[in-house]
Amino acid sequence: MGTKVVAIDFGAASGRVVEVTFDGERISREVTHRFDNTPVRMNGTLHWDVLRLWHEVVEGLSGVKDAASIGVDTWGVDFALLDKQGNLLSNPVHYRDSRNDGMMEWVFERMPRRDIFEQTGIQFMQINALYQMASLVRDGSPLLDIAETALTMSDFFSYLLTGTKVCEFSQASTWQLVNPHTRDWAFPVMEAVGIPTRIMPPLVEPGERIGTYQGTPVFIPAGHDTGSAVVAVPTTTKNYAYLSSGTWSLLGLEVDEPVVNDASYEANLTNEGGYNHTTRLLKNIMGLWLVQQARETWRRQGSDYSFDDLVKMAESADFFKAFVDPDHVDFLPPGDMGARVCAFCERTGQAVPGSHAEITAAIYASLAFKYRYVLEKLIDVSGQQVDRLHIIGGGAQNALLCQMTADAIGREVLAGPIEATALGNAVVQMISLGEIGDLAQAREILSRSVGMVSYTPQNTAEWDAHYARFVEIVGT
């Protein structure tokens, strides 16, 4: 039967409990429980519904039998605050909440932007926990005074399973409060901003056993979902880049040491922790969030498209009519993305998309071009050769976007696995259990176990002809 482990995997929009089995030759998976991750707005603040999510975890684990271990990964940047008794002080706030507006400037008044980058090596985004915690300091919230412990979201659920309070390195690094060189908390940043350092628990590396749940060992994988997803890249070469494609697109390279210098600072790249003491040199890109939100608005307006419908519609439209910068601040909050895309195009002097198909095509083409834009910066900063791009996660199912990306970057794209995060979570557990020797062996096994689809560049000349116009749009 092989060895079975359980990966509890939370994305920003959904979660799943996945049973992953290694029979000595191949790795297989079965999703045994799926659930939505729907935020809740209360008194004007957007929260994660963590009590509902914990209920789903318990429900999912109730049907599991004969598992060798359990591990949890989640989205990044957010946090939970516990009191002295270990109780949750308040529902964790969603990173898209408006409390983060203007907080980057407030923080930079207390510590220069460049100094923060030197201390943390992390991309500047207002969603980072640094700015969320700073908003509590600015507003005089009593939560930081009462709090005994701050936990990342994956570590919060691991705590509910085991009672152990630690923060896993790859997940904590997304907070912009960890020093990638010392692999410890960036205490000078906290002290400058007024965040109490006493609430930060010990940092641990992925793969550590932290306790048990009803007798089953619990390991900490790479707790950040992208950290786990990168573990599951089924590569057999070092000359690759990865794109974890979902609500967010995280495009990057796996490097041995943090790259914290003038070039990475100017490119606003991030150095997040990785498994086995590696660094994920990457960039966060807004991703399929724009399509998800446009689809939801159109559904409420009476046009209930499936994602496959949207792909077919986009295929019939002009890919190059208009572009947007997916990372423009206009696209960060929830809302009517179709209207925002049209407004962006009008404001930048472009032709305005005239249909849902043209809006969707504009989003997909803009994402493909943004992937090229970021990949070129990653290559320039790192000096690393990239022969192919591995697209992992749910976005790997979008054949149109995968082909667009191959055309835009002029390199082969290998799509799959779809459940990369759960597989990476499970692989770390299996290495810790001694069932798999190391990461290289795990990736070789995955390359034989999962289906991948290859996309070769086709219309590169046409994409090249329009790229300069996209770059100009990004600069506006």
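Residues numbered from 1 in each chain as written. Predicted model: local features only at pLDDT ≥ 70, side-chain atom pairs only at ≥ 80, totals over all residues. Heavy atoms only, no water.

Engineer: Please set out the layout of surface pockets residue by residue, giving values where relevant.
Structural biologist: Regions of empty space are outlined by a rolling probe, equal in size to a water molecule, passed over the atoms. The volume enclosed by the second largest pocket comes to roughly 590 Å³. Lining the second largest pocket are 28 residues, and of these F124, M125, N268, D327 and V329 sit closest to its centre. Among the secondary structure elements, those contributing two or more residues to the lining of the second largest pocket are α2 (103-108), β18 (279-285), α14 (356-382) and α18 (460-474). Top contributing element to the lining of the second largest pocket by residue count: α14, with 4 residues. Among the residues forming the lining of the second largest pocket, the class breakdown is 14 nonpolar, 8 polar and 6 charged. (1 Å grid on protein atoms, 1.4 Å probe; cavity = no way out; pocket = protein on both sides within 12 Å on 5 of 7 lines; lining within 4 Å. Points joined across faces, edges and corners; volume = space filled by probe spheres on them. Helix = DSSP H or I, 4+ residues; strand = E, 2+ residues; numbered from the N terminus. Nonpolar A, V, L, I, M, F, W, Y, C, P; charged D, E, K, R; others polar.)

Engineer: Summarise α18; cite the residues concerned and give the values.
Structural biologist: A rise of 1.5 Å per residue sets the reference length of α18, with its 15 residues, at 21 Å; its end C-alpha atoms lie 20 Å apart and thus fit the reference within 8%. Y467 marks where α18 bends most, by close to 35 degrees. Looking at α18, one finds that the buried residues are W463, Y467, F470, I473 and V474. On its buried face, α18 sits against α13 (337-347), α14 and α15 (399-409). (Expected span 1.5 Å × (residues − 1). Bend = angle between axes of the 7 residues up to and from the residue. Buried < 20%, exposed > 50% of the residue type's maximum accessible area, 1.4 Å probe, protein only. Contact = heavy atoms within 4.5 Å.)

Engineer: Quick one: what's the story with the sheet that holds strand β16 (residues 249-255), residue by residue and with numbers?
Structural biologist: Read from one edge of the open sheet, 7 strands run β17-β18-β16-β15-β19-β20-β21, paired in mixed fashion. Because the sheet does not close on itself, it has two edges, and the strands there are β17 (270-273) and β21 (453-455). For this sheet, the mean inter-axis angle between neighbouring strands, taken without regard to orientation, is 30 degrees. The sheet contact formed by β16 and β18 spans 7 bridges and is antiparallel. Each bridged residue has a counterpart across the sheet, and for L250 the counterpart in β18 is N284. Seen against the sheet, α15 touches β19 (388-392), β20 (412-415) and β21 and runs at an angle of roughly 155 degrees to β20. (Pairing = 2+ DSSP bridges. Axes fitted to C-alpha atoms, helices over the stretch in contact; angles between N-to-C directions.)

Engineer: How would you sum up the packing of helix α12 (residues 307-315) against α14? Please name residues and give values.
Structural biologist: Following both chains from N to C, one finds α12 and α14 inclined at 90 degrees, their axes separated by 8 Å at the closest point. Regarding the angle of α12 to α14, the classification is roughly perpendicular. The segment α12 lies against α14, with L310, V311, M313 and A314 engaging H356, A357, T360, A361 and Y364. Grouping the constituent residues of the contact of α12 with α14 by class yields 7 nonpolar, 2 polar and no charged. (Parallel < 35°, antiparallel > 145°, perpendicular 65-115°, else oblique.)

Engineer: Please provide a residue-by-residue account of empty space enclosed by the protein, values included.
Structural biologist: Applying the stated criterion to the full structure yields 1 cavity of 30 Å³ or more. Space inside the largest cavity adds up to approximately 60 Å³. Lining the largest cavity are 13 residues; nearest its centre among them are F169, P180, N271, E272 and G273. Of the residues assigned to the lining of the largest cavity, the class counts are 5 nonpolar, 6 polar and 2 charged.

Engineer: Explain the side chain of D9 residue by residue, including any values.
Structural biologist: For D9, the location among the structural elements is in strand β1 (residues 3-10). When its relative accessible area of 4% is taken as the criterion, D9 is described as buried. Among the polar contacts listed, one links the side chain of D9 to the side chain of R16, at a separation of 2.7 Å. Excluding residues within four positions of it along the chain, D9 makes contact with S14, G15, R16, D73, D225, E419, T421 and A422. (Polar contact = N/O pair within 3.5 Å; in protein donor to acceptor, adjacent residues only side chain to side chain.)

Engineer: So what's going on with the nonpolar core? Residues and values would help.
Structural biologist: The biggest cluster of nonpolar side chains holds 170 residues, and the ones touching the most others in it are W175, L177 and M200. It is α14 that contributes the most residues to this core, 14 residues altogether. Ignoring sequence-local partners within four residues, the contact set of M200 consists of M133, A150, W175, L177, W185, M190 and I195. (Core = buried A, V, L, I, M, F, W, Y, C linked by side-chain atoms within 4.5 Å.)

Engineer: Report on the packing of aromatic side chains, specifying residues and quantitative values.
Structural biologist: Tallying each qualifying case throughout the model produces 25 aromatic pairs. Three or more aromatic residues joined by ring pairs form one cluster here, namely F10, F35, W48, W75, Y95, F156, F157 and W248. The ring of F169 carries R183 above its face, with NZ or CZ at 3.9 Å from the centroid. Directly above the ring of Y467 sits R372, whose terminal nitrogen or CZ lies 3.9 Å from the centroid. (Phe/Tyr/Trp six-rings, centres within 6.5 Å; stacked < 30°, edge-to-face > 60°. Lys NZ or Arg CZ within 6 Å of the ring centre and 35° of its normal.)

Engineer: Explain unusual backbone geometry to me, and be specific about the residues and the numbers.
Structural biologist: Between G416 and the following residue, P417, the backbone shows a cis peptide bond with an omega angle of 5 degrees. Here P417 shows up in the loop between β20 and α16 (420-433). The residue R183 is not glycine, and still its phi comes out positive at about 55 degrees. The phi angle at N276 is positive, at roughly 60 degrees, despite the residue not being glycine. Mapped onto the fold, N276 is located in the loop between β17 and β18.

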